[in-house]
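Reading the structure
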Amino acid sequence: MKKLILSILCLPLFGKRVCPLAFSKIEISGKGDFIPCCGDWLTSDYFKIEKSDDNLWNGEQAVKLRASMYAGNLSYCKTDICQTTLLSPFILSLLYFLGLLRYIFPQTSFNSKNLWKMNFKKTLMPAPPSMAVLQGDFRCNIACPSCRSTLITTNKPEDEERLARAQHLLDQNARGLSKIQLAGDGEAFFTKWHREQFKNFTKENFPKLKEIILYTNGLLVNEKSFNDLRPGTDFVKNIIISIDAGDSETYKLVRGGDFNLLLKNLYWMKSLRESGRIHTFRICFVVRFENLHSVISFVELGRKLGVDQTIFRPFNSWDNMGVVSYKEQAVHLSDHPRHGEFLEIKNQVKSLPRVVFEA
Ligand code: SF4
């Protein structure tokens, strides 16, 4: 039923369908590109557009991306892999005023002034972004081979320069942000940059802030760190923990961390969810050859923790990964010798309650 309603809404009623993320969300990482979604979903032509470090929100890239949507060609988006629902500005506005938009796009947040301008095909947004993804600090307390080849606990001078640019952009947009996601490419409870941000997320500095979505490996998330990092942690309403294993041996192999410590923290987060202190509690598993055997026990772990979602994702290739051979590990690819086993396990778990299998 939900799918049917969404399919009807997705018809190009009252104008071409646009991507709401390009009008509401920004990645703040100091890289100098306007990225409203996953950067991998944007074409190489997009990254050739001139950038203006100081005004990303209404800069050349943002304007051209929005114009391509009004024109209906989405020429800068890899539409074959993008997973975002596109709707006409009229339908977006209608859903906003009915209070339904946040259920369809929980990953972002909207501003009525910007929605209004979209109905007139404006590419310059009068209000700042309402959602930001903060990332770009790669420091972390562990070194998962699927992400990096060495432990990164310090920054080079060029990293510090990038973070200074990111901080400037964050300060510029702070007063409009109602939702913030961090981090994604480093550990938010470990890096100095993010730890300082938590201390700085006050009502004075971020008057509209309502919600933080925390992406974490969970090893440092406990009652003490939540207290130490207030007031920012008071806004943490959604937690998603990357684990990639359902047992301690596999965890040691794929993440190198202390599984018992993680379990202790996970059960503490479970209590936050049960008391209603946080709204969603999700755990995540990137499937590859080395942890395929641990999928079933991960589903069981999710059941014991009472999580809202147990998410399985495909293993993507990154620069500087610690995994020696991507092909050997990418068991979700149809030409992998163990792909049949992968499909069997996937079919066994994908329809279970609260399991989301994206891989
Ligand atoms: S790639 Fe998808 S999510 Fe990204 S801007 Fe284009 S339509 Fe939106």
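Structural data are supplied above this passage.
Below is a summary of the structure that appears in this document. Throughout this description, residue numbers start from 1 for each chain and increase along the sequence as written. Totals for whole chains, interfaces and linings use all residues, but because this is a predicted model, local features are given only for residues with pLDDT of at least 70 and pairs of side-chain atoms are given and counted only at 80 or more. Each side-chain value is worked out from all heavy atoms of the structure, with water and hydrogens disregarded.

**Details of the pairing of strand S4 (residues 211-216)**
Formally: Strand pairing is assigned whenever DSSP identifies at least 2 bridges connecting the two strands. Note on conventions: DSSP H or I runs of at least 4 residues are helices, E runs of at least 2 residues are strands, and numbering of each starts at the N terminus. Handedness rule for crossovers: strands pointing away from the viewer, path from the first strand over the helix to the second running clockwise, crossover right-handed.
Sheet topology note: the strand S3 (residues 179-182)/S4 ladder contains 4 bridges and is parallel. Bridging from a neighbouring strand, Gln181 pairs with Ile213 of S4. The parallel pair S3 and S4 is bridged by helix H7 (residues 192-200), and the resulting crossover is right-handed. Between the parallel elements S4 and strand S5 (residues 236-242), the chain passes through helix H8 (residues 223-228) in a crossover that is right-handed.

**Describing the pairing of strand S2 (residues 131-134)**
For clarity, the threshold we go by: Exposed residues in this analysis have more than 50% of their type's maximum accessible area, buried residues have under 20%, and partly exposed residues fall in between, with area computed by a 1.4 Å probe over protein chains only.
What you see with S2 is no split at all: Met131 and Val133 on one side and Ala132 and Leu134 on the other are buried throughout. Note: strand S1 (residues 25-28) against S2, 4 bridges, orientation parallel. Directly across from Glu27, in S2, lies its bridge partner Val133. Of the pairings in the sheet, the one linking S2 to S3 comprises 4 bridges and is parallel in character. Bridging across to S3, Val133 finds its partner in Gln181. Crossover handedness for the path S2 to helix H6 (residues 157-173) to S3: right-handed.

**A closer look at the sheet that holds S4**
Hydrogen bonds between backbone groups are what pair the strands of a sheet, and the pairing can be parallel or antiparallel. The line we're drawing: Working convention: axes come from line fits to C-alpha atoms, limited for helices to the stretch in contact. Angles between N-to-C directions cover 0 to 180 degrees. Working rule for contacts: check all heavy atoms of both residues, and any pair within 4.5 Å makes them a contact.
Strands sit in the order S1-S2-S3-S4-S5-S6-S7-S8 across an open sheet of 8 strands; the sheet is parallel. A single partner strand is all that each edge strand has here, and the edge strands are S1 and strand S8 (355-357). Strand-to-strand twist across the sheet, computed as the mean angle between neighbouring axes with direction ignored, equals 15°. Docked against the sheet, helix H13 (residues 339-349) engages strand S6 (280-287), strand S7 (309-314) and S8, running at close to 145° with respect to S8.

**Things to note about the pattern of salt bridges**
The condition that has to hold: Salt bridges are identified by distance alone: a Lys or Arg side-chain nitrogen within 4 Å of an Asp or Glu carboxyl oxygen.
Under the counting rule described, the total for this entry stands at 18 salt bridges. Among the salt bridges present, the one from Glu196 reaches Lys192, with a minimum N-O distance of 3.3 Å. In this pair, Glu196 and Lys192 are both assigned in helix H7, 4 residues apart and thus about one turn of the helix distant.

**Things to note about the packing of aromatic side chains**
Here is the rule: Only the six-membered ring of Trp is used, alongside the rings of Phe and Tyr, when aromatic pairs are assigned; centres must lie within 6.5 Å, and planes under 30 degrees apart are stacked while those over 60 apart are edge-to-face, with the rest tilted. Here, a charge over a ring is recorded when the distance from Lys NZ or Arg CZ to the ring centre is within 6 Å and its angle to the ring normal is within 35 degrees.
Across all of its chains, the model carries 19 aromatic pairs by this definition. Ring geometry for Phe189 versus Phe226: centroids 5.9 Å apart, planes at 45°, classification tilted. With a gap of 37 residues between them, Phe189 in the loop between S3 and H7 and Phe226 in helix H8 connect regions that are remote in the sequence. We classify Phe189 as buried; its relative accessible area is 1%. A relative accessible area of 6% places Phe226 in the buried class. Aromatic side chains Tyr251 and Phe259 sit 5.3 Å apart centroid to centroid with 50° between the ring planes, which places their arrangement in the tilted category. For the residue pair Tyr251 and Phe259, the accessibility class agrees, reading buried in each case. The structure contains a cluster of three or more aromatic residues connected by ring pairs, namely Phe189, Phe198, Phe201, Phe206, Phe226 and Trp268. One cation-aromatic arrangement involves Arg66 over Trp57; the distance from NZ or CZ to the ring centre is 4.6 Å. Above the face of the Phe315 ring, Arg288 is positioned so that its terminal group lies 5.7 Å from the ring centre.

**Digging into H6**
The test is simple: One fewer than the residue count of a helix, multiplied by 1.5 Å, yields its expected span. This arc corresponds to the set of directions leading from the helix axis out to the C-beta atoms.
Its 17 residues give H6 an end-to-end C-alpha distance of 25 Å, which sits within 8% of 24 Å, the value for a rise of 1.5 Å per residue. Among the residues of H6, those classed as buried are Asp159, Arg162, Leu163, Ala166, Leu169, Leu170 and Asn173. Seen along its axis, H6 keeps its buried residues to an arc of 115°; they face one direction. Counted as exposed and oriented over 90 degrees from the buried face of H6: Pro157 and Glu161. Looking at the buried positions of H6, the neighbouring elements they touch are S1, S2 and H7.

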